[in-house]
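Structure assessment
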Number of protein chains: 2
Amino acid sequence: MEQRIQQRMRDKRLQSKIVSEETAASWIENGMTLGLSGFTRAGDAKAVPSALVEIARQKELKVNVYTGASLGSDIDRLMAEAGIVHKRLPFQADKTMRNEINNGDLLFVDQHLSHTAESIRQDVLAPIDYAIVEAVSITEDGTIIPSTSVGNSSIFAEKADAIIIELNLSQPESLEGLHDIYQLQDQGNREPIPLRNVDDRIGTEGIEVDVNKIKGVVVTNQVDSPSTIVPPDKETALMAEHLVDFLRKEKDSGRLPRNLAPLQSGIGSIANAVFHGLLESEFTDLEVYSEVLQDAVFDLMDAGKIRFASGCSITLSESKLDHVYQNLEKYSERLLLRPQEISNHPEIIRRLGLIAINTPLEVDIYGNVNSTHVHGTKMMNGIGGSGDFTRNARISIFATKSIAKNGDISSVVPFVSHVDHTEHDVDIIVTEQGFADLRGLAPRERVPMIIENCAHPMYRKQLYSYYNDACERGGQTPHILENAFWHTRFQKKGTMLEKDIQLT
Amino acid sequence: MEQRIQQRMRDKRLQSKIVSEETAASWIENGMTLGLSGFTRAGDAKAVPSALVEIARQKELKVNVYTGASLGSDIDRLMAEAGIVHKRLPFQADKTMRNEINNGDLLFVDQHLSHTAESIRQDVLAPIDYAIVEAVSITEDGTIIPSTSVGNSSIFAEKADAIIIELNLSQPESLEGLHDIYQLQDQGNREPIPLRNVDDRIGTEGIEVDVNKIKGVVVTNQVDSPSTIVPPDKETALMAEHLVDFLRKEKDSGRLPRNLAPLQSGIGSIANAVFHGLLESEFTDLEVYSEVLQDAVFDLMDAGKIRFASGCSITLSESKLDHVYQNLEKYSERLLLRPQEISNHPEIIRRLGLIAINTPLEVDIYGNVNSTHVHGTKMMNGIGGSGDFTRNARISIFATKSIAKNGDISSVVPFVSHVDHTEHDVDIIVTEQGFADLRGLAPRERVPMIIENCAHPMYRKQLYSYYNDACERGGQTPHILENAFWHTRFQKKGTMLEKDIQLT
C-alpha cells in the first residue's frame, strides 16, 4: 500500500477493506437510503455516488439521498439525470435536480438543516443503509476525520447500518484537528450543550464509530468543487454599506458591544458581499458562528478583523482555495468545524445571541419572508439554515436587491407568495435602498418603514396604493387578498409594475 | 396594620409604602410604559390599571402596556374603551381591544411570548417606567412572591425604573414555594440553562429586587377572572381520540417511551379537550412543560395520570378554582411556575423534546398554519407561545375542527391567509376527521394526507380540484395564486363552498 495512504489510514484493521468505488457502489440496492457527506459543495462524497450513477444504467435503482446540504462535483445533477433519487433532503442547489423537483418527479423535503439529525434520531425518516462519508484520514482507533465539512456526517455514521469512507488524498492532512464533533443524546436524556463561546471545543476531533460498521474504504483524489460566488456589484456593495451602518448605530447606542455579536451569514453572493463590507469597516475582534465559511471569512481573518470562526463547512472559490490550504495551519488556531446540528442549534443561537444575515427571494410590506419558492410554486434551493438562525437569533437580518429582472419584479411585495420566515421573526430588512428596523413595531408601523427604506422607488407608489386601499378594509394586517399576489400580474403581463397608479 | 397584611408583607421597610390604588395610578404619566403582571387572566395586576382608567377621564393619558399574555378582570377592555393604550404587546384576548387593534387605533405587536424579555434586555422596546406586579406575599428581604402567574413579571421588575406591588389577599398564601424564578444573563455572557427535567428547580422562590425600587404597595382583594373554557363537545372529543390514537402509535412503534414526552398545550377549549382525552387513555406518569396550566392538568393529576407539571400560570374555571385552591398543598409537590421565557425557551423545548399541541385558525394543504388572523387581516388574539413551542418541539401538533360557521368556512384551505407557522415546523394536523402525520413528507405527499385525513368531506373534492389544477402548472408546491385564497369567495358569497366541482 502506498505510503501516503498508510499515513492517512492509520487503523490497520481497515487495510483489507480498501475497495474500488465500483465495488462499494455495487453494494447499494434498489430502495435503500444513503446518507452522504457534503455541505455547500464541501467535503462531499464524490466517487461512490458517481459510480452509482454508472451502475444505474444497468439495473433498476431508486434511492433516498440525505446530505448535509448541497453537493458539489455535479453529483446532484448526475443523480437527477439518471433518475435514481426517490426522496432528497434537506437541501439541494442544482439546476437539473431543481427541474426534477418542480416537475414532481423527485420528492424533496425542504427541511431546517438542524432538524435532519433530530428526525433521524426520532426515527421518523427511512433508516439509513449506508453512510458514505469523505475523510481526510482515519486514526489508529478507527476514528473518521472529516474533510472540509462535517454537516450530518456524524449522525449518518452513528445511525447507518454500514459506513463507506471516501479517503480523499487531495484534501490537506492539516485539516486534522480542525473538527469538533459533539454528539447529542436522545431528547429526554440530554445534557445542556456546554458551548458558551464560539471557540469552545466541546467534543472530539473525529467521528468515533464501531470499526466493524466500516464496510469499505475507497481512496479518492478529487478536489472539492469551487464555490460559484460572483464578486460584489454596485448594489451588493450598497447593501453592505447599509448593513454596516445599522451595526454601527447599534454599537453607538450601546445595544451591541464594540465587536458586535457572533455573526452568521447565509450562503451566496449577497451574503458574501455583505461580509466583505465589514472589511472596510472599523470593526475588529469579530466572531463568526455560522454554517458555511466562505471566502470573505478568510479575507476578514487576513485583515485581522475576525478573531475566531466556527462553522460546519469551508467552501471557497477557486482563487481562494490554494491560499487557504497553504495557510491552513495558521488559520487552524482560529477555526472550528462542527456538526450542522451544533452550528445551527437553537440552544446555542439563542445563548450566544447571534446576528443572523440571510438572503430572501422576496419580502412583504409586513416583514414576512420567502426564501425558497419562485412565484410561490417553484423550488429554488431550500430553506437551508436560514430558519434555524432567524428563529432564534438576537438580530435576524434579510438582505436582498429591491428589484429583479430589470425591475419587472419587485422584491418587496404586498404578500409574499410563500412564507418561510414570519413577521414574528424578521428584525431587519436591507436592500440597496437602505434598511428597515422592524423590531418592536406593529404591522402598520412596519409598512412605511419598509416601503420608504427598502422598496425600489419605481414600486413605492404602487405599494402605498395597495396599502392605502387595504387600510380602508381595516385589520391588524390590512390586505386586499384578491390583489395581494403581484406574482399573477407578472405571470400574465411579464411585469409586476402597474402604470398610472392613483394614490387614494 | 392588619395582621394578615403583616403576615404577607414581611419586609418591614415596605410598611410605609402602602398606598391606595388611586395614589399609585396617579404616578403614571402620559407617554409612560407599563409592565403588568398577568398571563391568561391569572395573577394580573388589577387595582392600579383600573384606577388608571378612572384617572384617564380627567387627564390626557396614553401609555404602552406590556404584559405576560392576556389579562383578566376586563382590564384590556377598560383600557381599550378609555383609549389609553398606545402600544400593546405581546398578547391580548379581549373583544373590545381586538376591535381597536383592527380599526388601527391601537398598535399591537404580536410577539412570541419568549421574545418579550429578550427584547427588553436588548433595549429595543421603549423602556419600562413602572412594573406593576401582583404578589401573594413579600419576604423579609423584599423578595416578591408572585401569585398565580409569573409571566414576564421578573424581567419587568428587573428592568423597570420603579415597581408597584399589588399585594392580593385573595390569593392563597400556599402559592408561596410554587415559583422557580431563573433570570437569564445578557446574551454573550450566558450560561447554559441548567434544567434537564420538568421538575428541576433552578432558581429562587421569588423575584429578588432592589427594595428601593419598590415605590408603592397596594393591598387588593380581588380574585382572578375564571377561565372561559367551554366543555368538550362531540368534535373536540373526537379530536382528542385521534390525538391519543396518534400518541399510542408512536409509543407502540417505540418512537416514544411509555409515558410519552413532556406535553405542552395551548390555551383554549380545544387544547383543554385534547388534554381531557388523555384522562380516558392508558397513559400514566405524564409530564407537562407548558405555559398555562388549565383545568384538565389538575383533573389529570387527580386521576394519577400526570406526575409533574411545569407552567408559567394557573388559569382555572370557576368550578375548578375552589377545588385547586383547597388542595394546593397537595398539588404543590407536583407543580412549578416559571418565567415565561423559561417555560417557552427554545433551549429547553428542544432539549426536553416536547410534544406541543396548539390550536390554529386554519391550515393549508401543505401544512402551513394561521394562528392569528381571521381572513388574513383581522387579529384574533395573537401567536402567543405557539411559535416558541412549534419551532423547537420534538413533535408539533395543531388541532382544529375541520369546518366553521356551519360549513361555510373550511379550516383546511389551499393557502392560509396568514402564516404563523411554516410547513417546515408543522408535524401533525388533527381534526375531528382524523390526523395527518406530515413528518418526512414532501409537499406533494402531504396534500392527499391532509385532504383525506383532516378536511371535512364536504370540501375534499373542491380541495382536490384546486390541487389537481395546480399540479398542471407544476412546482414543488403547486398553486394557482389567483384562486389560492378561498377567503375572498367567503367574503363575496358568504361561503367557501363551490357548487358542482368537476375533478380534472
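Residues numbered from 1 in each chain as written. Chains lettered and ligands numbered in written order. Predicted model: local features only at pLDDT ≥ 70, side-chain atom pairs only at ≥ 80, totals over all residues. Heavy atoms only, no water.

Operational definition: UniProt positions are given in the numbering used here, feature names are shortened, and annotations may be inferred rather than shown by experiment.
Looking at an unreviewed UniProt entry, one finds chain A named Acetyl-CoA hydrolase/transferase family protein and attributed to Halobacillus salinarum. Its UniProt record gives chain A a comment under Sequence similarities (unreviewed entry), which states: "Belongs to the acetyl-CoA hydrolase/transferase family."

**Overview of the environment of Met32 of chain A**
All names here are of chain A. This is how it is decided: Going along the chain from the N terminus, every DSSP run of H or I of four or more residues is numbered as a helix, and every run of E of two or more is numbered as a strand. In this scheme, a residue with accessible area under 20% of its type's maximum is buried, one over 50% is exposed, and one in between is partly exposed, where area comes from a 1.4 Å probe on protein chains only. The contact criterion used throughout is that any non-hydrogen atoms of two residues lie within 4.5 Å.
Mapped onto the secondary structure, Met32 falls in the loop between helix H2 (21-26) and strand E1 (33-36). Met32 gets classed as buried once you look at its relative accessible area, which sits at 14%. Each C-alpha atom of the pair Met32 and Val63 lies 5.1 Å from the other, and the pair is 31 residues apart in sequence. Those residues in contact with Met32 that sit more than four places away from it in its chain are Trp27, Lys62, Val63, Asn64, Asp129 and Tyr130.

**Focus on the pattern of salt bridges**
Residues and elements named next belong to chain B. Condition: Whenever Lys or Arg places a side-chain nitrogen within 4 Å of a carboxyl oxygen from Asp or Glu, that contact is recorded as a salt bridge.
A complete count under the given rule lists 78 salt bridges over all chains for this structure. The closest approach of N and O atoms between Arg255 and Glu250, which form a salt bridge, is 2.9 Å. Across the salt bridge formed by Asp285 and Arg258, the nearest N and O atoms sit 3.5 Å from each other. With Asp285 in the loop between helix H9 (269-277) and strand E10 (286-289) and Arg258 in the loop between helix H8 (234-252) and strand E9 (263-265), this residue pair connects regions lying 27 residues apart in the sequence. Classification of Asp285 by relative accessible area gives partly exposed; the value is 33%. Among the residues examined, Arg258 registers a relative accessible area of 53% and is labelled exposed.

**Considerations on the relation of the copies chain B and chain A**
Heads up, the condition is: A residue counts toward the fit only if its pLDDT is at least 70 in both copies, and the copies are then superposed by least squares on the C-alpha atoms of those residues.
Between the two copies, chain B and chain A, the superposition gives an RMSD of 0.0 Å; the rotation angle is 180 degrees and the shift along the axis is 0.0 Å. These values place the two chain copies in the arrangement generated by a two-fold rotation axis. The position closest to the rotation axis in chain B is occupied by the C-alpha of Glu347 of chain B, lying 2.1 Å away. Interface overlap between copies: 100% of the residues of chain B at the interface are likewise at the interface in chain A, consistent with a symmetric, same-surface contact.

**Some remarks on the side chain of Glu166 of chain A**
All names here are of chain A. Applicable threshold: Neither His nor the chain termini are counted; the positive set is Lys and Arg, and the negative set is Asp and Glu. For this analysis, a polar contact is any N or O atom pair within 3.5 Å, provided that within protein one partner can donate a hydrogen and the other can accept it, and provided that sequence-adjacent residues contribute only side-chain to side-chain pairs.
As for its position among the elements, Glu166 is in strand E7 (residues 162-168). There is no salt bridge for the buried Glu166, and the closest opposite charge comes from Lys46, which lies 6.1 Å off by N-O distance. A polar contact of 2.7 Å, which involves the side chain of Glu166, links it to the backbone nitrogen of Lys46. Setting aside anything within four residues of it in sequence, one finds Glu166 in contact with Ala45, Lys46, Ala47, Val48, Pro49, Ile132, Val133, Glu134, Ala135, Val218 and Thr220.

**Some points on the interface of chain B and chain A**
Inclusion rule: A simple way to read buried area is as the amount of 1.4 Å-probe accessible surface that goes missing from two parts once joined, with both sides added. Classes in brief: Ala, Val, Leu, Ile, Met, Phe, Trp, Tyr, Cys and Pro nonpolar; Asp, Glu, Lys and Arg charged; the others, Gly included, polar.
Residue-level contacts link 74 residues of chain B with 74 residues of chain A. Summing both partners gives a buried area of about 6,300 Å² for chain B against chain A, and 51% of it is carried by carbon and sulfur. Counting the surface chain B buries against chain A, the share from its top three residues, Arg350, His424 and Gln476 of chain B, is 13%. In this structure, Arg391 of chain B and Asp425 of chain A form a salt bridge, with 3.2 Å as the shortest nitrogen-oxygen distance. Along the contact surface separating chain B from chain A lie 42 residue pairs in polar contact (both at pLDDT 80 or more). Counting residues per element, the ones that place at least two in the side of chain B that touches chain A are helix H5 (95-102), strand E4 (107-108), helix H6 (115-121), helix H14 (346-352), strand E19 (378-379), helix H15 (386-392), helix H16 (443-453) and helix H18 (486-493) of chain B. Element by element, the count of residues in the side of chain B that touches chain A is highest for H14 of chain B, at five residues. Within the side of chain B that touches chain A, the residues separate by chemical class into 22 nonpolar, 30 polar and 22 charged.

**Overview of the packing of aromatic side chains**
Given two aromatic rings, their pairing is described by the distance between the two centres and the angle made by the two planes. Worth spelling out the cut-off: Only centres within 6.5 Å qualify two rings of Phe, Tyr or Trp (six-membered ring in Trp) as a pair; their planes then separate them into stacked at under 30 degrees, edge-to-face at over 60, and tilted for everything else. By the criterion adopted, a ring carries a charge over it if an Arg CZ or a Lys NZ lies within 6 Å of its centre and within 35 degrees of its normal.
What the rule picks out here adds up to 14 aromatic pairs over all chains. For the pair Trp27 of chain B and Tyr130 of chain B, a centre-to-centre distance of 6.5 Å together with 25 degrees between the ring planes defines the contact as stacked. Remark: Tyr130 of chain B occurs in strand E5 (residues 130-138) and Trp27 of chain B occurs in the loop between helix H2 (21-26) and strand E1 (33-36); sequence separation between them is 103 residues. Residue class for Tyr130 of chain B comes out buried when judged on its relative accessible area of 5%. Over the ring of Tyr331 of chain A we find Lys330 of chain A; its NZ or CZ atom is 5.0 Å from the centre of that ring.

**Overview of the confidence of the model for chain A**
The cut-off we apply is this: By definition, pLDDT measures how confident the predictor is in each residue, and it falls between 0 and 100.
Mean pLDDT over chain A stands at 96; residues scoring 70 or higher make up 99%. Scoring of the predicted complex yields 0.97 for pTM and 0.97 for ipTM.

**A short note on the sheet that holds strand E16 (residues 362-364) of chain B**
Residues and elements named next belong to chain B. Just so we agree on the cut-off: Only strands that DSSP links by at least two bridges are regarded as paired with each other.
Reading across from one edge, E17-E16-E23 is the order of the three strands in this open sheet, with mixed pairing throughout. Edge positions in the open sheet fall to strand E17 (369-370) and strand E23 (412-413), since each of these has one partner strand only. Alignment of E16 against E23, held across two bridges, turns out to be parallel. For Val363, the partnering residue across the bridge sits in E23 and is Val412.

**Side note on the UniProt feature "domain: Acetyl-CoA hydrolase/transferase C-terminal" (unreviewed entry) in chain A**
Residues given the UniProt feature "domain: Acetyl-CoA hydrolase/transferase C-terminal" (unreviewed entry) here are residues 323-465 of chain A. Regarding residues 323-465 of chain A, the helix share stands at 33% and the strand share at 24%, and the terminal C-alpha atoms are separated by 52 Å.

**Looking at the sheet that holds strand E17 (residues 369-370) of chain A**
Taken together, the three strands give an open sheet; going across it, the order is E17-E16-E23 (chain A), and neighbouring strands pair in mixed fashion. Bordering the open sheet on either side are E17 and strand E23 (412-413) of chain A, each of which pairs with just one other strand.

**Brief notes about H5 of chain B**
Along H5 of chain B, the positions that sit buried rather than exposed are Met97, Arg98, Glu100, Ile101 and Asn102 of chain B. At its buried positions, H5 of chain B is contacted by helix H16 (443-453) of chain A together with helix H4 (75-82), strand E3 (85-89), E4 and E19 of chain B. For H5 of chain B, the N-terminal capping position is held by Asp94 of chain B, with its side-chain oxygen 3.0 Å away from the main-chain nitrogen of Thr96 of chain B. In the segment just after H5 of chain B, Gly104 of chain B is the residue with positive phi, at about 85 degrees.

**Comments concerning the environment of Asn453 of chain A**
Residues and elements named next belong to chain A. Looking at the secondary structure, you find Asn453 in helix H16. On a C-alpha basis, the gap between Asn453 and Leu354 in space is 24 Å, while along the polypeptide they are 99 residues apart. In contact with Asn453, other than residues within four places in its own chain, are Thr431, Gln433, Gly434, Phe435, Ala436 and Pro448.

**A word on the environment of Pro127 of chain A**
Residues and elements named next belong to chain A. Position of Pro127 relative to the elements: it lies in the loop between helix H6 (115-121) and strand E5 (130-138). Assessed through its relative accessible area of 63%, Pro127 is described here as exposed. It is 46 Å that separates the C-alpha atoms of Pro127 and Asn406, two residues lying 279 residues apart in sequence.

**A closer look at H16 of chain A**
Put simply, the rule reads: In this description, the arc belongs to the directions extending from the helix axis to the C-beta atoms.
Along H16 of chain A, the positions that sit buried rather than exposed are Pro443, Arg444, Arg446, Val447, Ile450 and Ile451 of chain A. Angularly, the buried residues of H16 of chain A cover 150 degrees about the axis, an arc narrow enough to put them on a single face.

**Here's the deal with the UniProt feature "domain: Acetyl-CoA hydrolase/transferase N-terminal" (unreviewed entry) in chain A**
According to UniProt, the positions carrying the feature "domain: Acetyl-CoA hydrolase/transferase N-terminal" (unreviewed entry) are residues 12-172 of chain A. Structurally, residues 12-172 of chain A comprises 28% helix and 21% strand, and the distance from its first C-alpha atom to its last is 21 Å.

**With respect to the state of the cysteines**
As used here, a disulfide is simply a covalent bond connecting the sulfur atoms of two cysteines. How we decide: Two cysteine sulfur atoms form a disulfide, by the criterion used here, when they sit within 2.5 Å.
Scanning all chains against the criterion turns up zero disulfides over all chains. With no disulfide of its own, Cys454 of chain A lies closest to Cys471 of chain A among cysteine sulfurs, the gap being 19 Å.

**Points about the side chain of Lys305 of chain B**
Residue and element names in this part refer to chain B. Considering the arrangement of structural elements, one finds Lys305 in the loop between helix H10 (295-302) and strand E12 (306-311). Looking at Lys305, its side chain comes within polar contact range of the main-chain oxygen of Phe283, at 3.3 Å. Once residues lying within four places of it in the same chain are set aside, the contact partners of Lys305 are Leu278, Leu279, Ser281, Glu282, Phe283, Thr284, Asp285, Leu286 and Leu300.

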